[in-house]
Amino acid sequence: MFMQPAQATSGQIFVDYARDRVAVVAVVVLCLILSVAVFAPVVSPQNPYNLAQLDILDSKLAPGAKASAGFTYWLGSDEQGRDMYSAILYGLRTSLAVGAVSTLVALALGMAIGLISAYAGGWLDSLLMRLVDLQLSFPSILIALVLLAVVGQGVDKIVIALILVQWAYYARTVRGAALVEKRKEYVDAARVMAFSNPRIVFRHILPNVLPPLIVVATVQIAHAIALEATLSFLGLGMPITEPSLGLLISNGFAHLLSGRYWISFFPGVALLITIVAINLVGDRLRDVLNPRLASHYGA
Amino acid sequence: MSKIVGSRISDHGSRIAAAALGGWLATAGAAELRIGLSADVTTMDPHFVAAQPNLTAQHHVFEPLLHVDERGRPVPVLATWRNPDPLTWEFTLRKGVKFHDGAELTTEDVAFSLERPFTIKGSPGGFTMYVRPIVAREIVDRYTIRLKTAAPYGAIPQDLAEVMIVSKRIAQGASSADFDSGKAAVGTGPYKLVRFARGSRIELARHDPYWGGKLPWDKVTLTILPSDPVRTAALLSGELDAIEHVPTADLARLKKNPNLRLAQAVSWRTIFLHVDQSRDRPPGVLSRAGKPLDRNPLKDVRVRRALSKAINRQAIAERVMEGLARPAASVVSPSVFGHDPALKPEPYDPDGAKKLLAEAGYPDGFGLTIATPNNRYINDEQVAQTVAQMLARVGIATKVEAMPLSVYFGRARNKEFGVALLGWGSLAADLALRSLAATANPDKGYGAWNWGGHSNPKLDQLVERSLGTVDPTQREALAREAAALAAAGVAFIPLHYQVVTWAMKNTLSYQARTDEFTFAHHFKPR
Amino acid sequence: MLAFALRRLLQSIAVLFVMSALVFAGVYAIGNPVDILINPQADQAEIARATAALGLDQPLWRQYWSFIAGAFAGDLGRSFAANVPAVPLILERMPATLELAVAAMVIAVALGIPLGLVAGLRPGSWAGKAIMAGSILGFSLPTFWVGLMLIMVFSVYLGWLPPTGRGETLMVLGVPVSFLSWDGLLHLFMPALNLALFQLSLLIRLTRAGTREALAQDYVRFARAKGLSMERVLRVHVLKNILIPVVTVTGLEFGSLIAFAIVTETIFAWPGMGKLLIDSINVLDRPVIVAYLLIVVLLFVLINLVVDLVYTALDPRVRLARREV
C-alpha cells in the first residue's frame, strides 16, 4: 500500500522500450556482439593469444588474403600475422569483460557504501563522503594512469583500476537518491512500523534507487571500455599478447599513414558499434525508467 | 618588363613583382630549417644528464674536443690529439675558435669543462664516468693541454666525444636553469640558442664567426614530436622540412612520395637477447607444462645456440622491421670500432635447432618467457613476439612479457627475467663487452649490464687488455678477438642491427649517421 | 558562506596532506629512476653515485620527510631529468593546458547549449534526431582516435590546419597565450575541438534532458496554455531549469578537461602539463609526477569550491553542507 510509489511493471517497461525502433536495433546488435564475444574461440579461425599459431610471413596482409594455415584473412592481418577478425572477436571479449566486470563490482561496492552512508548519516556519512570527494577530486584517467604506472599491466590490474575510478560515482548517486527516498512518507511509515534497518534499506530504498543506477551503469560500461582503450593507447593498458579492442586500435595507430588502414580501422569500428549500442540502450532505458517523461511524451 | 615606359608600373605588375621578391626573400634571404625530433630534450645543460636527445640539441650550441664522423670514427672538432706516451693525451686546440659571445676558446675553458660534471648537484649524470679516468690536467699553453690517466686507457677519444666544452667565464657558477634560459648556453657551436621551449621546441640562430665556415641555415627550429605518426604527418603537411627516426610503418609511403627523400645508415645499435646462464632456476624458464625444471637449460651452450638457430633473422628484418634492420652476428654493429666482418649471423636452421635441443636433453623443448620493453627500441615488443613465434616452432613454448621502459630496467636489474631483450649502442666493441659480457665486478666497473650472468675469465682479460691499449690498431685487434669469443660462447643471442632513417624534402640532403644523431648543420640544400 | 568556505578549505588541506602521502608512496614504488636516467655505459660505481646524488639511497620515510619539509617551504623537489624545481617546471606549462581546456569548454558550451535546446524542443524532428545521434557518437568515439582522424583529414589530406604544436604565442600579463594570433588560433583549434567533443556531447544531452523536463513541468505547461510566447517560456522557465546542472557540470567537467588534456596533448604535441606528466612517467621523474598530482588536486579542490559557491548563489534552496550532484 504505502510501500511502493507508482512504478511501471517490467512488462510495461518492455513495451515502452520497444516503441523506439533504433533502441530495439541497438539491443539486437548488442546481443549479437555479446554472443560472438562469448563464443569467440568457436567462431574465430585462429587463437590470437597463441603465438605458436601466428606466422610472421603472413603479417600485414590486406583483407581477403589467404593465410598459410588455409583460412582467409577477411579483415586482414596485423604485424604479427594475427587474423584481425579473430583478434577483434577476442578483443571484444576482453573489452566487454573488463568493462562489465569492473562496472558491476564498482556498482555493488558503490551501492553498498552509498546506502550505508545515506542511512547511517552522522560522522560515518561525512567520512565516507569525504572519501568520495577525495576520489572524485581526481579525474578518473589520472587515478588509473598512476595506479597502472605503479602496478604494471595486466587484465586484473586494469579491472582494479577501473573499479577504483568508478565506485565513487555510484556511492554518491545512491546516497543522493536514497536521501530523497528516505524523506518520503513510505520510509517513515516503515520506520514507524519498526522494520529493521537492513530491511528498510534493501526492501524499500533499494528498489527505488535502482532504476537510475542501472542507467548510469549501462553507460558506465561504455565509459569503462573507452577508458581502457585510452589507457592502452597511452601504453599503460593491456599487454600486447592479450589484445583488447583499444590496444588493437593503438597498435594500428602506427600504420595509420601507411595505408594499412585495416589494422586500426576495423577494431575502431567494432569499438564504436559496441559503445554506440550500449549508449543507445542506456539512453532508452533512462527514458523508459523516468516515469514523468514517459507519461508526458510517451515516446 | 623592360618595356615599361616611364615610372607607371601597373598595379597588377607591381603586385606580382612584390610577390616574387617576397618568395625569393623567403627562400634565399632567411633560410630556415625545421626538423622534427623524436624524443624530448630535458635540459640545455650539457653536463647534467648523458641522454642522446639532450646531446642532439646541445651539439648545435656546444662542441666537444673531438667527435665521431658519420661512420663512427673519431675526428677532430675543436682539437687534434696525440699520445706522447700511453698515459698522456695531448690535445692541441684549433686557433681562433670563437664562443658565441666573441671570446676565444682556450685551454682554460677545456680544463674547466672536463671538471664541471663533478660539480653539478643532484645529477643522475653519466658524464662523470667520461672524465673520471683523467687524473691530471696540465695546461701547457693557451692552445695545448695534456690529460693524464693512471693506467693506459684506449677509450679516451670515445669518452671525450661526449663531453661538451663550455665557456669558463660564463658557465662558472651557472645553474642548469641558466643554460635553459640561454644565459649560460654560450658555446662554440654552429648555432646560438634563441629559445628553449621545454617539451615543445628549440629555436636556434646561426653563429656567423663559426670556424667551420658559413652554414646554409639562418634559423633552425628543432620541434619535439615523440609520437611517430604525428611526426610523419608534420612532414607530409609541410610543417617540417625533415624528421629523424622515420617509423617503419610509414617508410613505404614516404619512399613513394616524390617530394621527399630518405637518408639511411646502419645504426651502431644492436638488438639482442640476454639469456640467464648463471642461475639454476631463472624466472620464466620452466617445463612446457609450466613446472619448474631441475636445471637451467640455458646454461648449456648447445641450448643457447639452438635458440639462435631457431630465429629467422631475415624475416624479422624484412617483416617486422620493414627493412629497417640487418641480421646481427654479434652485439658489435658493422660501424662500431672492433666489429669483425668475419663473424656471420647464425643461419636460420630450425631442424638444426631441434637436433641441438635433443642432444642437450630437451627433445620436447621447454617453456620460456621473453621480457621486453614496449617503448624503447624500434618495434621492440613486435620483435619479441616474432622471436616467440619462431621459438614455438622448435618446441620451446614461449610467452612474451612486455612493459614500459620505466618498469623494465628496474626489474631487469633486480634479475627478474630469464630472457630479456636489450638494445645497445657503443662506439667501441670493448666498451660494449665491458658492460654486457664481462663478469660483474663492481670494483672494476665491469659487467654492469650483464643481465645474463655470462662469465668467461679469458673474455674479461681480453676486454681489459683491449681497453688498456692506446694504439688504435692493436686495440681493434684485441676488441675483435673479444667479440669473437663472446659470439663463440653465445654470451647473448644477437637479433639485428637497427637501420636509422631520416626523411626530408627533396631539396635537402643529409649524411646519415650511424650514431643516430640529427644535426641541422649537416643538412645541405641540393 | 564564509564559515562554509573556511571549512572546505581546511578539509582541502587535509585532503592534500593525505594525497601527498599516498601519491608519494605510490610513485616512489615504481621502478628506479637511476636505471632510466643513467648513461647506459655507466658502471656500478657511477650508478651508486647517481643514486646517492638523487637521494634515493635514503629510506622511504626519510625521503618523504624531506619532501614534506620542502613542501612547507613551497619546494616540491627538483626534477631528476631537467635539474630545475618541479613546481615552476609545471607552472611554466600550466597556461598552455588551461588555455586548451578553456578553449574546449568555450566550444562545448557555445555549441552544446543551443544544440541541446533544439534537440529538447523538437525531439522528433530530423534536426533533433541528428543532434542526438551526433552526441551519441561524440560520447562513443575514443578521444585519441578522433584526434588522429582530425590530423589525417585536416592536416594531411586537406592541409588546412597545422597538425601539431602550439604555434605563435603572445604575452598577456606575462603569460604566453595563443588565441590572440591567427597562427596560434589555427594551432589551437583542432586540439580544442578534440578535447571538447566529450563535454559537448554531455552538454547537449544535459540541456536536452533539462529542456524536456522543464517543458513537462505543470507550471510550464500552464504558462504555455496561458498563451505566453515560447521565447518567454524558454527564457524564464527552461533556461532557469537547465542553468544549475549546466553550471555544475561545466565546473566539474573543467577538471576532467584538464586531465583528459593528457591524451590530447600527447597526440597534438601540445606543450602543456599533461604531456609533461606522460614524459615524466616515462623517465620516472618522481618529483615532477608527485608535484603534478598535488598541483592538480589543489586545482580540483579550488574548482569544486567555486562550483559549490556558484551553485549556492544560483539556488539558495541548496543546503551547503550537503551537496548532492
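The structure we're discussing is the one just above.
These figures come from a predicted structure and were not determined experimentally.

Could you clarify how one ought to interpret the overall build of chain C in this entry?
Helices and strands together make up the secondary structure of chain C, namely twelve helices and two strands. Scanning chain C from its N terminus toward the C terminus, one meets helices and strands in the order α-α-α-α-α-α-α-β-β-α-α-α-α-α. Principal-axis analysis of the C-alpha atoms places the extent of chain C at approximately 85 × 55 × 35 Å. When each of the 325 residues of chain C is scored for burial, the buried share is 56%. Considering only contacts in chain C between residues 6 or more positions apart, those separated by 24 or more positions represent 74%. Here chain C displays about 13600 Å² of accessible surface, and carbon together with sulfur accounts for 71% of that area.

Would you mind showing me how to read the environment of Leu147 of chain B here?
Looking at the element boundaries, Leu147 of chain B is found in strand β8 (residues 144–149). Remark: the alpha-carbon pair of Leu147 of chain B and Asp85 of chain B, spanning 62 residues in sequence, is separated by 11 Å.

What am I meant to see in the interface of chain C and chain B here?
Interface size is often expressed as the accessible area that is lost when the parts come together. Across the contact, 43 residues belong to chain C and 55 residues belong to chain B. Summed over both partners, the interface of chain C with chain B buries about 3900 Å², with 52% contributed by carbon and sulfur atoms. By the criterion of area lost to chain B, the three top residues of chain C are Asp35, Gln41 and Gln44 of chain C, representing 17% of everything that side buries. Applying the counting rule to chain C against chain B returns two salt bridges. The salt bridge involving Glu92 of chain C is made with Arg198 of chain B; its shortest N-O contact spans 4.0 Å. For the interface between chain C and chain B, the tally reads six residue pairs in polar contact (both at pLDDT 80 or more). Put simply, the parts of the chain that give the side of chain C that touches chain B at least two residues each are α2 (33–37), α3 (44–53), α5 (86–121), α7 (143–157), α10 (230–268) and α11 (273–282) of chain C. Take the side of chain C that touches chain B: its biggest share by element is six residues, from α3 of chain C. Residue classes in the side of chain C that touches chain B are distributed as 24 nonpolar, eleven polar and eight charged.

Just checking my understanding: could you explain the sheet that holds strand β7 (residues 134–141) of chain B for this structure?
Within a beta sheet, neighbouring strands are joined by backbone hydrogen bonds and run either parallel or antiparallel to one another. Residues and elements named next belong to chain B. Here four strands make up an open sheet; going across it, the order is β5-β6-β8-β7 and the pairing antiparallel. Both outer strands of the open sheet, β5 (79–82) and β7, are each paired with one neighbouring strand and no more. The average undirected angle you get between the axes of adjacent strands in this sheet is 20°. Alignment of β7 against β8, held across six bridges, turns out to be antiparallel. Residue Glu138 lies in a different strand from β8, and its bridge partner there is Arg146. Contacts from helix α3 (residues 107–115) reach β6 (88–93), β7 and β8 within the one sheet, and its direction differs from that of β7 by about 170°.

Help me understand α10 of chain C in this model?
Along an α-helix, residues three or four apart share an orientation, since each turn contains 3.6 residues. End to end, α10 of chain C covers just 44 Å across 39 residues, shorter than the expected 57 Å (1.5 Å per residue, more than 12% under). In α10 of chain C, a bend of some 40° at Leu239 of chain C exceeds every other bend along the element.

How should I be thinking about the interface of chain B and chain A in this particular structure?
Between chain B and chain A, the contact holds 27 residues from the first and 23 residues from the second. Across the chain B/chain A interface, buried area totals approximately 2200 Å², and carbon plus sulfur atoms make up 51% of it. Of all residues in chain B, Arg319, Gln385 and Gln389 of chain B bury the most surface against chain A, accounting for 28% of the area lost on that side. For the salt bridge of Glu322 of chain B with Lys60 of chain A, the shortest nitrogen-to-oxygen distance reads 2.7 Å. On the surface where chain B and chain A come into contact, there are twelve residue pairs in polar contact (both at pLDDT 80 or more).

I tried to follow the packing of α5 of chain C against helix α6 (residues 126–140) of chain C on my own but got confused; where do I start?
How two helices sit against one another is set out by the angle between their axes and by the gap between those axes. All names here are of chain C. Taken N-terminus to C-terminus, the directions of α5 and α6 make an angle of 125°; their axes are 8 Å apart at the nearest point. As far as their axial angle goes, α6 and α5 are oblique. Between α5 and α6 the crossing geometry is left-handed. Residues Leu115, Val118 and Ala119 of α5 form the contact with α6, whose participating residues are Ala127, Gly128, Ile131 and Met132. Of the residues that constitute the contact of α5 with α6, the class distribution is six nonpolar, one polar and no charged.

Before we go on, may I ask you to explain the pairing of strand β1 (residues 32–37) of chain B in this structure?
Within a regular beta strand, the side chains point alternately toward one face of the sheet and then the other, so they alternate between its two faces. Residues and elements named next belong to chain B. By the bridge criterion, six bridges tie β1 to strand β12 (residues 219–224) in an arrangement that is parallel. Note that in β12 the partner of Leu33 across the bridge is Val220. In terms of strand pairing, β1 meets strand β13 (residues 242–243) through two bridges, oriented parallel. Across the sheet, the residue bridging to Gly36 is Ile243, located in β13.

Help me understand the packing of aromatic side chains, please; the structure alone is not making it clear to me.
What characterises a pair of aromatic rings is the spacing of the ring centres plus the angle enclosed by the ring planes. Inspection of every chain in the model, using the stated rule, returns 23 aromatic pairs over all chains. For the ring pair Tyr408 of chain B and Phe409 of chain B, a centre distance of 6.0 Å and an interplane angle of 40° mean the geometry is tilted. Across the pair, Phe409 of chain B and Tyr408 of chain B agree in class, each one buried. An aromatic cluster is built from Tyr408, Phe409, Phe417, Trp424, Trp449 and Trp451 of chain B, whose rings are joined through pairwise contacts. The ring of Tyr90 of chain A is capped by Arg93 of chain A, whose NZ or CZ atom sits 5.9 Å from the centre of that ring. Positioned over the ring face of Tyr446 of chain B is Lys444 of chain B, at 5.1 Å from the centre of the ring.

How each quantity is defined
- Residues numbered from 1 in each chain as written.
- Chains lettered and ligands numbered in written order.
- Predicted model: local features only at pLDDT ≥ 70, side-chain atom pairs only at ≥ 80, totals over all residues.
- Heavy atoms only, no water.
- Helix = DSSP H or I, 4+ residues; strand = E, 2+ residues; numbered from the N terminus.
- Buried < 20%, exposed > 50% of the residue type's maximum accessible area, 1.4 Å probe, protein only.
- Contact = heavy atoms within 4.5 Å.
- Areas by Shrake-Rupley, 256 points an atom, 1.4 Å probe, with all protein chains shown as cover.
- Buried area = accessible area lost by both parts, 1.4 Å probe.
- Salt bridge = Lys/Arg side-chain N within 4 Å of Asp/Glu carboxyl O.
- Polar contact = N/O pair within 3.5 Å; in protein donor to acceptor, adjacent residues only side chain to side chain.
- Nonpolar A, V, L, I, M, F, W, Y, C, P; charged D, E, K, R; others polar.
- Pairing = 2+ DSSP bridges.
- Axes fitted to C-alpha atoms, helices over the stretch in contact; angles between N-to-C directions.
- Expected span 1.5 Å × (residues − 1).
- Bend = angle between axes of the 7 residues up to and from the residue.
- Parallel < 35°, antiparallel > 145°, perpendicular 65-115°, else oblique.
- Left-handed = near helix turned anticlockwise from the far one by under 90°.
- Phe/Tyr/Trp six-rings, centres within 6.5 Å; stacked < 30°, edge-to-face > 60°.
- Lys NZ or Arg CZ within 6 Å of the ring centre and 35° of its normal.

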